[in-house]
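# Structure assessment
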Amino acid sequence: MASSLPALLTTLTKLSVPVYFVLAGALFYRNLWRQYLFFWIVLMAEGSVLGFGLFAPKLYQNIYQIAQPVLIILYVMMVIEVFGKV
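Residues numbered from 1 in each chain as written. Predicted model: local features only at pLDDT ≥ 70, side-chain atom pairs only at ≥ 80, totals over all residues. Heavy atoms only, no water.

### Let's talk about the overall build of the protein
Secondary structure summary: the protein contains 3 helices and 0 strands in total. Moving toward the C terminus, one meets the helices and strands of the protein in the order α-α-α. Residue pairs in contact within the protein that sit at least 24 positions apart in sequence constitute 61% of those at least 6 positions apart. Accessible surface for the protein amounts to roughly 6400 Å². Of this, 74% is attributable to carbon and sulfur atoms. (Helix = DSSP H or I, 4+ residues; strand = E, 2+ residues; numbered from the N terminus. Contact = heavy atoms within 4.5 Å. Areas by Shrake-Rupley, 256 points an atom, 1.4 Å probe, with all protein chains shown as cover.)

Structure representation (structure tokens):
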């Protein structure tokens, strides 16, 4: 069972990467990306980091260490933005 967990995580990552960009594209198409700018940036950044991890798994740890602090700041800005709309 434990050996199938990495395969499941890889499959979920492969499925989630296009979803990030589809959702970002939907926001762009409906001209909502400016109203939810940080949410849109998080979608693009997180999708890019995960996609890069699929194509270069040996470099993923280095990219993760660089991207994670930036993503955390973007997540905070996104939450402030979305809760401000509510």
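Next comes the rest of the account.
### Let's talk about the environment of valine 79
Mapped onto the secondary structure, valine 79 falls in helix 3 (residues 60-85). The class for valine 79 is partly exposed, based on a relative accessible area of 38%. Separated by 40 residues in the primary sequence, valine 79 and phenylalanine 39 place their C-alpha atoms 8.2 Å from one another. (Buried < 20%, exposed > 50% of the residue type's maximum accessible area, 1.4 Å probe, protein only.)

### Side note on helix 2 (residues 37-55)
The first and last C-alpha atoms of helix 2 sit 27 Å apart over 19 residues, in line with the 27 Å expected at 1.5 Å per residue. Along helix 2, the positions that sit buried rather than exposed are Trp40, Val42, Leu43, Glu46, Gly47, Val49, Leu50, Gly51 and Gly53. Elements in contact with the buried residues of helix 2: helix 1 (4-29) and helix 3. (Expected span 1.5 Å × (residues − 1).)

### Here's the deal with the nonpolar core
Listed in full, the 6 residues of the largest apolar core are Val42, Val49, Ala67, Leu71, Leu74 and Met78. Of all the secondary-structure elements, those providing two or more residues to this core are helix 2 and helix 3. Top element by residues in this core is helix 3. It accounts for 4 residues. Ignoring sequence-local partners within four residues, the contact set of leucine 71 consists of Ala45, Glu46 and Val49. (Core = buried A, V, L, I, M, F, W, Y, C linked by side-chain atoms within 4.5 Å.)

### Some remarks on the packing of helix 1 against helix 2
Axis separation between helix 1 and helix 2 bottoms out at 9 Å; the angle between their running directions is 150°. Overall, the two elements helix 1 and helix 2 adopt an arrangement that is roughly antiparallel. Our pair here, helix 1 against helix 2, has a crossing hand that is left-handed. Counting all contacts with helix 1, which are made through Thr10, Thr13, Lys14, Ser16, Val17, Tyr20, Phe21, Leu23, Ala24, Leu27 and Phe28, the residues of helix 2 involved are Phe39, Trp40, Leu43, Met44, Glu46, Gly47, Ser48, Leu50, Gly51 and Leu54. Considering only residue class, the contact of helix 1 with helix 2 consists of 13 nonpolar, 6 polar and 2 charged. (Axes fitted to C-alpha atoms, helices over the stretch in contact; angles between N-to-C directions. Parallel < 35°, antiparallel > 145°, perpendicular 65-115°, else oblique. Left-handed = near helix turned anticlockwise from the far one by under 90°. Nonpolar A, V, L, I, M, F, W, Y, C, P; charged D, E, K, R; others polar.)

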